[in-house]
Structures are given as C-alpha cells and as structure tokens.
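Fold and geometry: a report
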Amino acid sequence: MTVSVKELRKQAITAHREGRLNEALGLYLDALEGARGSDVSDILGNIGGLYFELGETTNAQKFLEKGLREAKTHSNTVVASAINRYLGRVLRHQGRLVEAVQCLKESERLLRGLNQEDKLLSTILALGETYLELRQRLEAEQYLLKAQNLALKQGDKARARRARAGTCACWSCRPRASWPRRSPTASTPTADTPGCARR
C-alpha cells in the first residue's frame, strides 16, 4: 500500500513537532519522491530546515536553494518568503552575512505583500541583528526599531526587548561576547543609559 504525499507530510509534521527530526527528514524525503507542482518547493524548504536543525548547514543550504528555485518557478510567494528567511539564517550561521542580508531583504519584500506580520517581525529582527554583526550600526538600528515597534503592536514583549537591546548602547544590554576584557575584580556593567532596555 502506497502512502500519499499528503499523508507523508502530515506524519513528517507530527514527527518534527515531537522532536524526532531524523524520522521527519526521512518522511519528507519520501514525500519529495511523489510530490508535484508547488508541493515540491514547500517540501524542499522543510527538508532544508530540518537539515539546519540537525546542524548540517551544507545540506540545508542545498535543499533551501533548490526549494527557492522551485518556488519561483511556481510563483509561490509564501513559500519563497519562508525559504529566503530560513536561507538567511543558514547563511548567517555560516558567517556569510552579506548574502544573509540579501535573502532576508527578499523575504521582507515578499512578506510586505502578504498578511503575515509575525513572520515579517522575525525577518526584520533577523535583519537588524545581522546588520549589527556586520557592524553597520545605522541600518541595524533602523531595522531593530521597526522590529521593536511591530513587536509592541503585536504584544510580543520578549521580541520587543530583544530588538531594544540591539539598539541600546549600554554595556548591560550588549551580548557578553562584545564586552571588553576586564580584570577579575571589576564589577559587572550595569544599565547606564536613560532608555536602557533593562530598566
């Protein structure tokens, strides 16, 4: 008895939610064999995402790029925006920040035409954080401020604080890795600016 692509995808989603990543990957690969049309890009995107979660960034990138080509072929804007966002995460993880920005900007452009504010928030926040890693402070602050405002509009206080921390200049809001080396007897930096995210 053959299992339909729809049923395989349903099983893969369940396995993924339950943390059985290798099983989900196998089910998506089986589903890919019988997939046709716009389903192909969605499945390729899911496979790429699972490879990324499994720490296999090269395979993740390969499947996400294939999925992106398929999504463009079938004019699937929703899948193309999701794959661009995920590909941006993969490239950022690989240290390819300029390419990550390009993918995230394309995802943002596509999401502007859709009514998916939560995904738009994730994309804008990732753009701001990627610009911070590139040390392009002005662009980072513009995107992080947009993300903060959108998060507050959605009532998402955690992501609003995360965006605010990226724009704050005080030491306590910066990631510990960016703190200058100090003597073991020095005190931990504290909130030192009036608009500090920690206040």
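For the structure given in this document, a descriptive report is provided here. (Residues numbered from 1 in each chain as written. Predicted model: local features only at pLDDT ≥ 70, side-chain atom pairs only at ≥ 80, totals over all residues. Heavy atoms only, no water.)

So, the overall build of the chain
- If you tally the helices and strands in the chain, you get nine helices and zero strands.
- Sequence-ordered secondary structure for the chain, helices as α and strands as β, is α-α-α-α-α-α-α-α-α.
- For the chain, restricting intrachain contacts to residue pairs at least 6 apart in sequence, the fraction spanning at least 24 positions comes to 48%.
- Split by element, the accessible area of the chain, about 11,400 Å² in all, is 49% carbon and sulfur. (Helix = DSSP H or I, 4+ residues; strand = E, 2+ residues; numbered from the N terminus. Contact = heavy atoms within 4.5 Å. Areas by Shrake-Rupley, 256 points an atom, 1.4 Å probe, with all protein chains shown as cover.)

Quick word on the pattern of salt bridges
- Applying the stated criterion across every chain yields a total of 14 salt bridges.
- Of the charged contacts in the structure, one is a salt bridge between E129 and R92, with a shortest N-O distance of 3.6 Å. Remark: R92 occurs in helix 5 (residues 77–93) and E129 occurs in helix 7 (residues 117–133); sequence separation between them is 37 residues.
- In this structure E129 comes out as buried when scored by relative accessible area, which is 14%. (Salt bridge = Lys/Arg side-chain N within 4 Å of Asp/Glu carboxyl O. Buried < 20%, exposed > 50% of the residue type's maximum accessible area, 1.4 Å probe, protein only.)

Details of the packing of aromatic side chains
- Tallying each qualifying case throughout the model produces three aromatic pairs.
- Considering the side-chain rings of F52 and Y86, the 5.9 Å spacing of their centres and the 85° angle between planes classify their relative orientation as edge-to-face. Of the two residues, F52 is situated in helix 3 (residues 39–53) and Y86 in helix 5; the sequence distance between them amounts to 34 residues.
- Note on F52: relative accessible area 14%, which makes it buried.
- Just above the ring of F63 sits the side chain of K66; from NZ or CZ to the centre is 5.3 Å. (Phe/Tyr/Trp six-rings, centres within 6.5 Å; stacked < 30°, edge-to-face > 60°. Lys NZ or Arg CZ within 6 Å of the ring centre and 35° of its normal.)

Brief notes about the nonpolar core
- Within the largest apolar cluster, 32 residues are counted, with the highest numbers of intra-cluster contacts made by Y28, I43, I47, L50, Y51 and L87.
- At the level of secondary structure, the elements contributing two or more residues to this core comprise helix 1 (5–17), helix 2 (21–34), helix 3, helix 4 (57–73), helix 5 and helix 6 (97–112).
- With seven residues, helix 3 is the largest single contributor of residues to this core.
- Those residues within four positions of L50 in sequence are excluded, and the remaining contacts are H16, L21, A24, L25 and Y28. (Core = buried A, V, L, I, M, F, W, Y, C linked by side-chain atoms within 4.5 Å.)

Notes on helix 6
- Across its 16 residues, helix 6 extends 22 Å between first and last C-alpha, which sits within 8% of the 22 Å expected from 1.5 Å per residue.
- Tucked inside the fold, the buried residues of helix 6 contact helix 5, helix 7 and helix 8 (137–154). (Expected span 1.5 Å × (residues − 1).)

Details of the packing of helix 3 against helix 4
- Between helix 3 and helix 4, the shortest axis-to-axis distance is 7 Å and the interhelical angle comes to 165°. As summarised for this structure, helix 3 and helix 4 are arranged roughly antiparallel, according to the angle between their axes. The handedness of the crossing between helix 3 and helix 4 comes out as left-handed. Side by side, helix 3 and helix 4 meet where V40, S41, L44, G45, I47, G48, G49, Y51 and F52 of the first sit next to T57, N59, A60, F63, L64, K66, G67, E70 and A71 of the second. (Axes fitted to C-alpha atoms, helices over the stretch in contact; angles between N-to-C directions. Parallel < 35°, antiparallel > 145°, perpendicular 65-115°, else oblique. Left-handed = near helix turned anticlockwise from the far one by under 90°.)

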